[in-house]
Amino acid sequence: MRTATPPATGRIAPPSSGWPAVLAVTTGIFAIVTTEILPIGLLTPIGRDFTVSDGTAGLMMALPGYVAAAAAPAVTVATAGVDRRRMLCAFMFLLASANAIAAAAPAYWAVLLSRVLVGIVIGGFWSIGAGLAGRLVPARSARRATAVVFSAVPLGSVVGVPLGTLIGDLAGWRAGFLMPGLLSAGVLVALVLLLPPLPAERAARLGVLRGMLRGTGTRSALLLTFLIVLAHFGAYTYVTPFLEGVTDVPPARITLFLLAYGAAGVAGTFLAGTAAARRPRAAFGAAGALIAVAVLALPFLGRAEPGALVLLVVWGIGYGAVPVCSQACFARSAPESPEAASVLFTASFQATLSSGALVGGAVLDHTSARTVMLLGGATAAAMAATTVLLGRVTGGEERSGEISPA
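Residues numbered from 1 in each chain as written. Predicted model: local features only at pLDDT ≥ 70, side-chain atom pairs only at ≥ 80, totals over all residues. Heavy atoms only, no water.

A. Quick peek at empty space enclosed by the protein. Under the defined criterion, the tally for this structure stands at 6 cavities of 30 Å³ or more. Every residue lining the largest cavity is counted, 17 residues in all, and those nearest its centre are Glu36, Val153, Tyr319, Phe349 and Gln350. Those elements giving two or more residues to the lining of the largest cavity turn out to be helix 1 (15–49), helix 8 (152–171), helix 11 (216–236), helix 15 (305–333) and helix 16 (338–366). Per element, the largest residue contribution to the lining of the largest cavity is 5 residues, and it comes from helix 16. (1 Å grid on protein atoms, 1.4 Å probe; cavity = no way out; pocket = protein on both sides within 12 Å on 5 of 7 lines; lining within 4 Å. Points joined across faces, edges and corners; volume = space filled by probe spheres on them. Helix = DSSP H or I, 4+ residues; strand = E, 2+ residues; numbered from the N terminus.)

Structure representation (structure tokens):
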């Protein structure tokens, strides 16, 4: 059985310079994740300030994902010959600018404009940065470096979003966007100082991407990612309205609930690391099952704060494993081209994230937060069932697929 560990590519950086560079990339992804999902914690005050509904405010989550889905292949292929260090620095400058626009937005359209820029950054930085670990550290440390890079996803939830929400509660939602803006500027400096030159090697090209899409392993990864990300973001985007309206959590304590969810997500990421490397699809299905149980139970057991808190922890553990497992499934389909695997992972993940936010917003505006949770939980259950079905049809984990040359 082949593992999903991305192979090291290109030259190997010395350990003394490699790990600071890995941490710089990790912090960049942390800033991106924080910026992307920060509106979840600030959804209500932003909507109130611009007199838009919670569902309409959910466009702040939907828009970057659709832009990122288009930007991931377009930007990566168009810049295939450009040094990756320069590209990462350009994306981080754009992220700092996007946060500044959001903080100074005179109207809701300006906020949405800033989210378009965030989408470009997500599509480009993620596609390039997620597969760089093997080029920054020795081959024996590549798996650990990749885990460190992906730990930025739950850390954005456990630290970035609660901190931004807290700042927003104390000083207004505009101040909440200044925090990731300043962080982005600091990361830009770190990338300039710490990253070595990274000439494009085995960059994603259209031929490679087309070849991946013909593989059964890639199609399975696309289906499972679509179902679980649709379920998660269709529900989690509107967890604040649920906690305020159903659980009756005071706004000042929402941050603590998001903090508990994020801490559980960090644990889920590292718990899933070994399992995702050996049996990514089975680990993926287990994560989906945890999300299904937690989200389906929220409308019934989440009416009181203790029940809601416990279920958010279970939800966080499950979702913390999702990015690791999804990326591992894509990497198994393209072991020779980790950047191509990252492009498809990013594009599918972000497009579905946006769809989930839009669908959840429409359901919330026409029904209730309870219904949003029930539909999200049912979709997660469908993903877990699909994983079992795929295992029976294929007789276990699939081997890596063949990739057409560029």
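B. Structural detail: the pattern of salt bridges. Summed over the entire model, instances satisfying the criterion amount to 1 salt bridge. Ionic pairing is found between glutamate 305 and arginine 253, a salt bridge with its closest N-O pair at 2.6 Å. Of this pair, glutamate 305 sits in helix 15 while arginine 253 sits in helix 13 (residues 251–278), placing them 52 residues apart in sequence. (Salt bridge = Lys/Arg side-chain N within 4 Å of Asp/Glu carboxyl O.)

C. Spatial organisation of helix 3 (residues 59–78). Relative to the 28 Å expected for 20 residues at 1.5 Å per residue, helix 3 spans 28 Å between its end C-alpha atoms, a close match to the ideal helical length. The largest bend in helix 3 amounts to roughly 35° and is located at alanine 71, with the proline proline 73 lying one to four residues further along. Here helix 3 has its buried residues at Met60, Met61, Ala62, Pro64, Gly65, Val67, Ala68, Ala69, Ala71, Ala72, Val75 and Thr76. (Expected span 1.5 Å × (residues − 1). Bend = angle between axes of the 7 residues up to and from the residue. Buried < 20%, exposed > 50% of the residue type's maximum accessible area, 1.4 Å probe, protein only.)

D. The environment of leucine 390, seen in detail. Mapped onto the secondary structure, leucine 390 falls in helix 17 (residues 369–394). Here leucine 390 falls in the buried class, since its relative accessible area comes to 17%. Measuring from C-alpha to C-alpha, the distance between leucine 390 and leucine 224 comes to 9.9 Å, with 166 residues separating the pair along the chain.

E. The arrangement of a nonpolar patch on the surface in detail. On the surface, Leu155, Val159, Leu163, Leu166 and Leu170 cluster together into a nonpolar patch covering about 420 Å² of accessible area. Positionally, leucine 155 belongs in helix 8. (Patch = residues over 30% accessible without salt bridge, like charges linked within 9 Å, V, L, I, M, F, W, Y side chains within 5 Å. Areas by Shrake-Rupley, 256 points an atom, 1.4 Å probe, with all protein chains shown as cover.)

F. Structural view of the packing of aromatic side chains. Scanning all chains against the criterion turns up 8 aromatic pairs. Measuring from centroid to centroid gives 5.8 Å for phenylalanine 233 and tyrosine 319, while their planes differ by 90°, and the two rings are edge-to-face. Here the residue phenylalanine 233 occupies a position in helix 11, and tyrosine 319 occupies one in helix 15, the gap between them amounting to 86 residues. Accessibility assignment for this pair places phenylalanine 233 and tyrosine 319 in one class, buried. With a centroid separation of 6.5 Å and 80° between ring planes, the pair formed by phenylalanine 233 and phenylalanine 349 is classed as edge-to-face. (Phe/Tyr/Trp six-rings, centres within 6.5 Å; stacked < 30°, edge-to-face > 60°.)

G. Focus on the packing of helix 11 against helix 15. Two elements in contact, helix 11 and helix 15, have axes whose closest approach is 10 Å; the angle formed by their N-to-C orientations is 155°. It follows that helix 11 is roughly antiparallel to helix 15 by the angle criterion. Note on packing geometry: the crossing formed by helix 11 with helix 15 is left-handed. From helix 11, Gly217, Thr218, Ala221, Leu222, Thr225, Ile228, His232, Phe233, Ala235 and Tyr236 reach across to helix 15, where they touch Trp315, Tyr319, Val322, Ser326, Cys329, Phe330 and Ser333. (Axes fitted to C-alpha atoms, helices over the stretch in contact; angles between N-to-C directions. Parallel < 35°, antiparallel > 145°, perpendicular 65-115°, else oblique. Left-handed = near helix turned anticlockwise from the far one by under 90°. Contact = heavy atoms within 4.5 Å.)

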